[in-house]
Amino acid sequence: MMADPLLSAEPARGSTHYVIEGGQPLRGDVHLSGAKNAVTKQLVASMLTDDVCTVYNAPGALGDVIITEQVMRALGTDISWPAAHAIRAQTRAISNSVVPMELGRKNRLAVLAVGPLLHRVGHAVIPVPGGDRIGPRPIDFHLAGLEQMGAHIELKDGLYDFHTDGQGLRGTTIELPYPSVMATETLLIAATLARGITVIQNAAIEPEIMDLIKFLQKMGAIVEQRVDRKIVIEGVPRLHGAEHRAMYDRNEAVSLAVAAYLTHGDIRLHGADQGTLLTFLNTLYRVGLDFGVEDDSIRFFGGDQPPRSIALETDVHPGFMTDWQQPFTVLLTQAHGMSVIHETVFADRFGYTLELNKMCADTGLYPKCLGELECRFRERDFLHSCVVRGPTPLSAADLTMPDIRAGASYLLAALCATGTSRIWGIEHIERGYDDLFSKLRSLGAKIERVEDTPAAL
Ligand code: EPU
């Protein structure tokens, strides 16, 4: 069987890589990009209408946005970029209700298109989704919710086939077993045009979902957020076009902020939003690091003293985000003492620490829950707790990125390591970050993007 390049443990060397000389303090100002995990969802939601929708603050140089564009074009959407960060989408008609296998497996976004396709043509086919190597990533919550809304689903030859009867999707009450981000989004998008009222209980409430709700409301949807993770959607017969400025990328903000501390730098991130970063900022205080919140930016500085160690647990919003775990773990390799990180969102999101150990980090993985949060991985054999002993000066290494956030952690480790690191598998980082390479260079990082040639290998 051919290896799936996205899921393969060892992405092929012999592709373009970064060469990073560590130890250069990052200094200066940089503008954050729009959030990939907001913009991509809004684009798919635009398929609910045949009118024009425009999303501003869209990251242009980002693989996941390009994949989303390709999927939507394959289904009949006209997409253009009227300006550098504005994307315009219009789906006058659905010309095809089958998401092509090779596109749909590249990331996990195709499932969001099921609602729009069912509403518009009563039929949808998507491949079983691909995605990062961070533990099992089923879509059973999405499927169960759509079934409750009246979709009929069959799994055949790696494809999910959905159809509705003449009545279309209907509103219902859905209780998610866990507040999954994309299951909430799939059901939210599908519910906007369903007959009657849909209640999503135990819904995720991440800021990217709130941004999607703002976009949907501008399209004419009626969506209420109630207390206790309850989202109530009153179906309407038709949605119309909308214009929306997407939120800034809080994951990019965290990665760059940590890079500043690790290199003893001083950077100002324009667009960084205190409201979406509250838990991260609190955690910085807890480890003894300083920052300054300004009108439209946040300055991260003062990493000259090593941080303090900490016990940390990832959680759904408003907890400490699982996507911040990897950069923060690198930071904790430079903290005094023993830190403990308990990952409660994904089962297998610490694989990258083995590579950090090759750079002289001192980390160990445990299947036990080293924390207090109720965790679905208790009594199971997942290495989802990590102990980090520091500070350990890092030394350069040759690494291969396995996924987006682990890839970012390798970049950060290389930026503070002694010597020159080479990092392959950079398609992961380029799928999830908007030109991070240029941003790091503009802040003074010594990083090169090298095209491999057979002679260089
Ligand atoms: N889960 C199920 N069944 C489902 C759905 C989820 O068991 O049907 C489980 C997952 O296996 C996981 C947990 O629920 O253990 C949470 O997963 P969730 O569904 O919330 O994750 P997601 O929606 O697939 C999004 C982001 C991730 C981010 C998580 C958590 C996008 C495209 N992806 O994934 O971002 O880590 O929420 O906040 O929005 C990234 O950007 O690098 C990334 C992985």
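Given the structure is predicted, the values throughout are model-derived calculations rather than measurements.

Criteria and cut-off values
- Residues numbered from 1 in each chain as written.
- Predicted model: local features only at pLDDT ≥ 70, side-chain atom pairs only at ≥ 80, totals over all residues.
- Heavy atoms only, no water.
- Buried < 20%, exposed > 50% of the residue type's maximum accessible area, 1.4 Å probe, protein only.
- Helix = DSSP H or I, 4+ residues; strand = E, 2+ residues; numbered from the N terminus.
- Contact = heavy atoms within 4.5 Å.
- Pairing = 2+ DSSP bridges.
- Axes fitted to C-alpha atoms, helices over the stretch in contact; angles between N-to-C directions.

Student: Describe helix 10 (residues 325-332), and please don't skip the residues or the numbers.
Tutor: With eight of eight residues buried, helix 10 is to be regarded as a mostly interior element. Along helix 10, the positions that sit buried rather than exposed are Gln-325, Gln-326, Pro-327, Phe-328, Thr-329, Val-330, Leu-331 and Leu-332.

Student: Lay out the environment of Ala-417 with the relevant residues and their values.
Tutor: Tracing the sequence through the fold places Ala-417 in the loop between helix 12 (404-416) and strand 22 (420-424). Between the alpha carbons of Ala-417 and Cys-360 there is a distance of 9.5 Å; along the sequence they are 57 residues apart. In this structure, Ala-417 is in contact with Gly-22, Gly-23, Met-359, Leu-394, Ser-395 and Ala-396, ignoring residues within four places of it in sequence.

Student: Kindly report on the sheet that holds strand 7 (residues 152-156), identifying the contributing residues and their values.
Tutor: Read across the sheet, three strands follow the order 6-8-7 without closing on themselves; strand pairing throughout is antiparallel. Bordering the open sheet on either side are strand 6 (123-127) and strand 7, each of which pairs with just one other strand. Direction aside, the axes of adjacent strands within the sheet are offset by 15 degrees on average. Contacts between helix 4 (residues 114-121) and the sheet are confined to strand 6 and strand 8 (159-163), with strand 6 contributing the most and set at about 155 degrees to the helix.

Student: For the side chain of Thr-329, give the residues involved together with the corresponding values.
Tutor: Summarising the element assignment, Thr-329 is placed in helix 10. Residue Thr-329 is classed as buried on the basis of its relative accessible area, which comes to 0%. Aside from chain neighbours lying at most four places away, what touches Thr-329 is Ile-341, Phe-350, Tyr-352, Thr-353 and Val-388.

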